[in-house]
Amino acid sequence: MRRLLLTLALTLLCAGGLFAQGLDSLDIFSITTCPGEDASTQMRLSWGSDTLATSCSVTLTEARDRRWKKARTLQAEGRYCAVYDTIWSKRANGENFNEDARFLKYDLALDSLKPRTDYCYYVTYQGTDGREARSQVYRFRTAGDRKWNACIISDFHSYPPLPGRLEAAMKMMDAVRSYDKYDWVLNLGDVCAWGGSYSFWVQMYQEQPFRDYMWASLNGNHDHMTRRYQLSNDFFRNATANPRNGYPGEEGVSYWFRYGDALFIMLNNETMRDSTGFAAASAWVEKVLQDNADARYKLVCEHYQWFFGTDGRTSQFGRWHEIFEKYGVNLALAGNNHIYVRAHDKGVVYVQTPSSDNERGQALYGPLADNADRIDFRWNEGPKTVGALHLSVTPKKMTVTLLDRQGTVVDRVEIEP
Ligand SMILES: [Fe+2]
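1. A short note on the overall build of the protein
Okay, so step 1: For the protein, the helix and strand inventory stands at seven helices and 24 strands.
Okay, so step 2: Taking 2.2 N^0.38 as the reference for a compact globule, 417 residues should give roughly 22 Å; the C-alpha atoms of the protein span a radius of gyration of 21 Å, in line with that estimate.
Okay, so step 3: Each principal axis of the C-alpha distribution contributes one length, and for the protein these read about 65 × 45 × 45 Å.
Okay, so step 4: Taking all 417 residues of the protein together, the buried fraction comes to 49%.
Okay, so step 5: Look at the contacts in the protein between residues 6 or more apart in sequence, and 70% of them connect residues 24 or more apart.

2. Considering the sheet that holds strand 15 (residues 255-259)
Okay, so step 1: Ordered by their spatial adjacency, seven strands build an open sheet running 15-16-17-18-20-19-21, and the pairing between neighbours is mixed. For this open sheet the edge positions go to strand 15 and strand 21 (375-379), each flanked by a neighbour on one side alone. Ignoring strand direction, the axes of neighbouring strands in this sheet form an average angle of 15°.
Okay, so step 2: Examined bridge by bridge, strand 16 (residues 262-266) and strand 17 (residues 297-301) share five bridges and lie parallel to one another. Looking at the pairing, Met266 lines up with Cys301 of strand 17.
Okay, so step 3: Each of strand 17, strand 18 (331-334), strand 19 (340-345) and strand 20 (348-352) touches helix 7 (residues 317-326); the most contacted strand, strand 20, lies at about 145° to it.

3. Description of helix 7
Okay, so step 1: Buried within helix 7 are the following residues: Phe317, Trp320 and Phe324. Buried residues of helix 7, viewed axially, fall in a sector of 85°; they line one side. Among the exposed residues of helix 7, those oriented more than 90 degrees off its buried face are Gly318, Glu322 and Lys326.
Okay, so step 2: Structurally, helix 7 contributes buried residues whose contacts are with strand 17, strand 18 and strand 20.

4. A short note on the pairing of strand 23 (residues 398-404)
Okay, so step 1: Burial of strand 23 is extensive: five of the seven residues sit out of reach of the surface.
Okay, so step 2: Note that strand 22 (residues 387-393) and strand 23 share seven bridges and pair antiparallel. Pairing of Leu389 across the sheet is with Leu402, part of strand 23.
Okay, so step 3: Adjacent in sequence and paired antiparallel, strand 22 and strand 23 are bridged by four residues.
Okay, so step 4: Between strand 23 and strand 24 (residues 409-415), which pair antiparallel one after the other, the connecting turn spans four residues, and Gly407 there sits at a positive phi close to 85°.

5. Considerations on the nonpolar core
Okay, so step 1: Among the nonpolar cores identified, the biggest contains 119 residues, and Ile152, Phe264, Ile265, Cys301 and Ala332 are the most heavily contacted of them.
Okay, so step 2: Setting aside anything within four residues of it in sequence, one finds Ala332 in contact with Val300, Trp306, Phe324, Val348 and Tyr350.

6. Re the domain arrangement of the protein
Okay, so step 1: Once the domains are mapped, the protein shows domain 1 (2-141) and domain 2 (148-415).
Okay, so step 2: The distance between the C-alpha centroids of domain 1 and domain 2 comes to 25 Å.
Okay, so step 3: For the side of domain 1 that touches domain 2, the elements supplying multiple residues, two or more each, are helix 1 (2-20), strand 1 (28-35), strand 2 (43-49), strand 6 (88-90), strand 8 (103-110) and strand 11 (138-141).
Okay, so step 4: The greatest single-element share of the side of domain 1 that touches domain 2, amounting to seven residues, is contributed by strand 1.
Okay, so step 5: In terms of residue class, the side of domain 1 that touches domain 2 is made up of 18 nonpolar, nine polar and ten charged.

7. A look at the confidence of the model for the protein
Okay, so step 1: A residue-level look at the protein finds 94% of positions with pLDDT of 70 or above and a mean pLDDT of 94.
Okay, so step 2: Every residue in residues 4-21 is under pLDDT 50, and counting partners more than four places away or in other chains gives 15 contacts.

Reading guide: rules and limits
Residues numbered from 1 in each chain as written. Predicted model: local features only at pLDDT ≥ 70, side-chain atom pairs only at ≥ 80, totals over all residues. Helix = DSSP H or I, 4+ residues; strand = E, 2+ residues; numbered from the N terminus. Rg over C-alpha atoms; globule rule 2.2 N^0.38 Å. Buried ≥ 20, exposed ≤ 12 C-beta atoms within 10 Å, placed from the backbone. Contact = placed C-beta atoms within 7 Å. Pairing = 2+ DSSP bridges. Axes fitted to C-alpha atoms, helices over the stretch in contact; angles between N-to-C directions. Arc of directions from axis to C-beta. Core = buried A, V, L, I, M, F, W, Y, C linked by C-beta atoms within 7 Å. Domains from an automatic or database assignment. Nonpolar A, V, L, I, M, F, W, Y, C, P; charged D, E, K, R; others polar. pLDDT = per-residue confidence, 0-100.

In structure tokens form, the structure reads like this:
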């Protein structure tokens, strides 16, 4: 009962405090669970605290240990983060302001976890004034099940002055869950309108799905920019705690992880716009594919579309298809275009998500001018598009299902290992 009251009080404090005051009234914020390199036994927890914290710790136990009797407590060290501070931004009420975001950032690596297990944790904050605060309870499930599911969503461009965007995406996640349960979330980028606006992340992370699931996220072009179009990997890096196994300069932004016998390679388009950037990214991708040749399924994810949904013209497909074919990539996933496109080429299936914010979708598409032999299906609902994918994986096949906001099946593809 005490815990319930405490949780309730914290919820009210968080919800009220965010808009009324700066980060200093929040204690702990932006808690999210990211995958470890081997998601069967490793997870990486990310959060921020105000600069008055003397210490933060995580209390962790298996979900079936309801009284937290076997809980263990892990101390975490924060590092000072000011990358979002003073950035030109906008409040929920439409006021212009400069972000007031000097805080301590924590990345806590958990290992030696049990595979196929539901875990619970909370973060405890200790302040210089002796004050102690405790977060709500967060959950995740480790990989290792023979059969598992994920919700794949992207492009909701969360923007506090227009709360309907985030609401549409969260409702879409409920619709995916009504269709079939899922164990984790794969985010293909553009969850924030401006990733440089830290207040946008803080608000987004208060949504329930961030408390219930591990999120594996991609850096989208919107996550990478500020309102004044300053660009940096640091915005995405400090809003997550991804594995630091990317190539130089990309630690925690480009990364890979194993979810059971599936390999996920997570790319950052923003640093491979030119040929030098692409050379560095593709050399790393080839190495990761070689090192993980034993993975039953190989998936590569990036934010930018494979094809332009409007008329089928080649986009990122052109740069990558030979490498994907060479190493037997099964599924290539992308977002950004806001038009769902499903295509195939020499055994590789290409799928890009629709948008999910009911606002920033593309106009309806026209006839295919290119790649008619590769593109099997396209879908969107015009500017007010809301859709997401359900991924179901068994040792025999992966099934990708496109759902609309009602949870109605619009398209489906099955992929064998
Ligand atoms: Fe987008």
